[in-house]
Amino acid sequence: MRMLAAISRFVGNTFALWVLLFAILAFYFPAFFAPAAKWIVPLLGLVMFGMGLTLKTEDFREVARRPGRVALGVVAQFVIMPGVAWMLCKLLGLPDEIAVGVILVGCCPGGTASNVMTWFARGDVALSVAITSVSTLLAPLVTPALIWLLASAWLPVQFGALFWSIVQIVLLPIALGLIAQRLLGNRTQAAIQVLPLVSVISIVIIVAAVVAVSQARIAESGLLIMAVVVLHNGLGLALGYLAARLFGLPLAQRKTLSIEVGMQNSGLGAALASAHFSPLAAVPSALFSVWHNLSGPLLATVFRRMDDQRPSDGHHAG
């Protein structure tokens, strides 16, 4: 078990490399990876079940302790990324399916990877987990509403179908994880140590499957999508930081908001796009997954070097 936990830690720490490697392999050997497309939804459910296993009552106490800051993070998450996505689609005149895909990933809640990045960046981890948890629990209502509001101009959007999908992919597995944690108590610790491994494998398969299924279209418009993804992610990270600064948050929490807003649950975007739109609509999510797992660690490394001791911050971040 200790060996598995060590492998799990190593794979978790080198996440970005695995995503990138398998995205490239799937592009060159699509036939091998394409059959995995039917596993996208169950795999994401597994990742969400893992999130349920690790959620603690303290995570929600944080919401009660600092409702304003958690609310700011959640609102920034659901305003900045969808807004930037819509703006980029309009400005760049993106084709319908790609536009819907970009908006889809923008409307998703924050991803759990943001919590790890916040920890690495010396941000406020408790706040990060609280924002991710609240935005994830609100996703069944907020995400379909935003997609319907912003993406209907490009393709027809079924609010009810999206809502039910997110309940099945996100809420049910999290609820099952919480129940398992309650019933089994400390016996879930062994599972929790292997979770990074399970999550990484799941996300890698999801990205590889999406890339494989859309290989021809990526060859045709991959650079355009990649450029949009890089812009979308970069603007999200920058505007998240600015929003926190605007509200006078200390440095540790500015880092947290930047990472929370810029990093998305791109697996959910890929699953929803594959189920409700088209394989091509899932490509922005897949490429976002590859990219934010590279940009996140890079930004966290920069943030880590930023000092809390500046007089302008007044007090220590807590």
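Look up a bit, the structure's there.
Residues numbered from 1 in each chain as written. Predicted model: local features only at pLDDT ≥ 70, side-chain atom pairs only at ≥ 80, totals over all residues. Heavy atoms only, no water.

Student: Kindly report on the packing of aromatic side chains, identifying the contributing residues and their values.
Tutor: For the coordinates displayed, the defined rule picks out five aromatic pairs. Consider the rings of F27 and Y28, whose centres lie 5.3 Å apart with planes at 90°: the pair is edge-to-face. Residue classification places Y28 among the exposed positions, given a relative accessible area of 59%. Taking 5.8 Å as the distance between ring centres and 25° as the angle between the ring planes, the aromatic pair formed by Y241 and F303 counts as stacked. Taken together, the residues Y241 in helix α12 (residues 215-246) and F303 in helix α15 (residues 283-305) connect sequence positions 62 residues apart. Relative accessible area serves as the criterion here: at 13%, Y241 is assigned to the buried category. Taken together, F22, F32 and F33 form an aromatic cluster joined through their ring pairs. Here the guanidinium or amino end of R304 rests over the ring plane of F120, the centre of that ring lying 4.7 Å away. (Phe/Tyr/Trp six-rings, centres within 6.5 Å; stacked < 30°, edge-to-face > 60°. Buried < 20%, exposed > 50% of the residue type's maximum accessible area, 1.4 Å probe, protein only. Helix = DSSP H or I, 4+ residues; strand = E, 2+ residues; numbered from the N terminus. Lys NZ or Arg CZ within 6 Å of the ring centre and 35° of its normal.)

Student: Go over the pattern of salt bridges with me, naming the residues and quoting the values.
Tutor: Taken as a whole and assessed by the stated rule, the structure comprises four salt bridges. The partner of D124 in a salt bridge is R66, and the shortest N-O contact between them spans 2.9 Å. In this pair, D124 is assigned in the loop between α8 (113-120) and α9 (125-151) and R66 in the loop between α5 (57-65) and α6 (67-92), connecting sequence segments 58 residues apart. Of the two residues, D124 and R66, both sit in the buried class. Note that E97 is salt-bridged to R217, the shortest N-O span being 3.8 Å. Note that E97 is positioned in helix α7 (residues 96-107) and R217 in helix α12, a separation of 120 residues in sequence. Judged by relative accessible area, which is 26%, E97 ranks as partly exposed. Through salt bridges with shared partners, a single network forms among E62, R65, R66 and D124. (Salt bridge = Lys/Arg side-chain N within 4 Å of Asp/Glu carboxyl O.)

Student: Please set out empty space enclosed by the protein residue by residue, giving values where relevant.
Tutor: Following the criterion strictly, the structure yields one cavity of 30 Å³ or more and no others. What the largest cavity holds in volume is close to 30 Å³. I203, I206, V207, S266, G267, A270, S285, A286 and S289 are the residues that line the largest cavity. Grouping the amino acids of the lining of the largest cavity by side-chain chemistry returns five nonpolar, four polar and no charged. (1 Å grid on protein atoms, 1.4 Å probe; cavity = no way out; pocket = protein on both sides within 12 Å on 5 of 7 lines; lining within 4 Å. Points joined across faces, edges and corners; volume = space filled by probe spheres on them. Nonpolar A, V, L, I, M, F, W, Y, C, P; charged D, E, K, R; others polar.)

Student: Could you give an account of the state of the cysteines, with specific residues and numbers?
Tutor: This structure, assessed with the given rule, holds zero disulfides. As a non-bridged cysteine, C107 has C108 as the owner of its nearest cysteine sulfur, 7.4 Å distant. Under the relative-accessibility criterion, C107 is labelled buried at 0%. The buried category is assigned to C108, whose relative accessible area is 0%. (Disulfide = S-S within 2.5 Å.)

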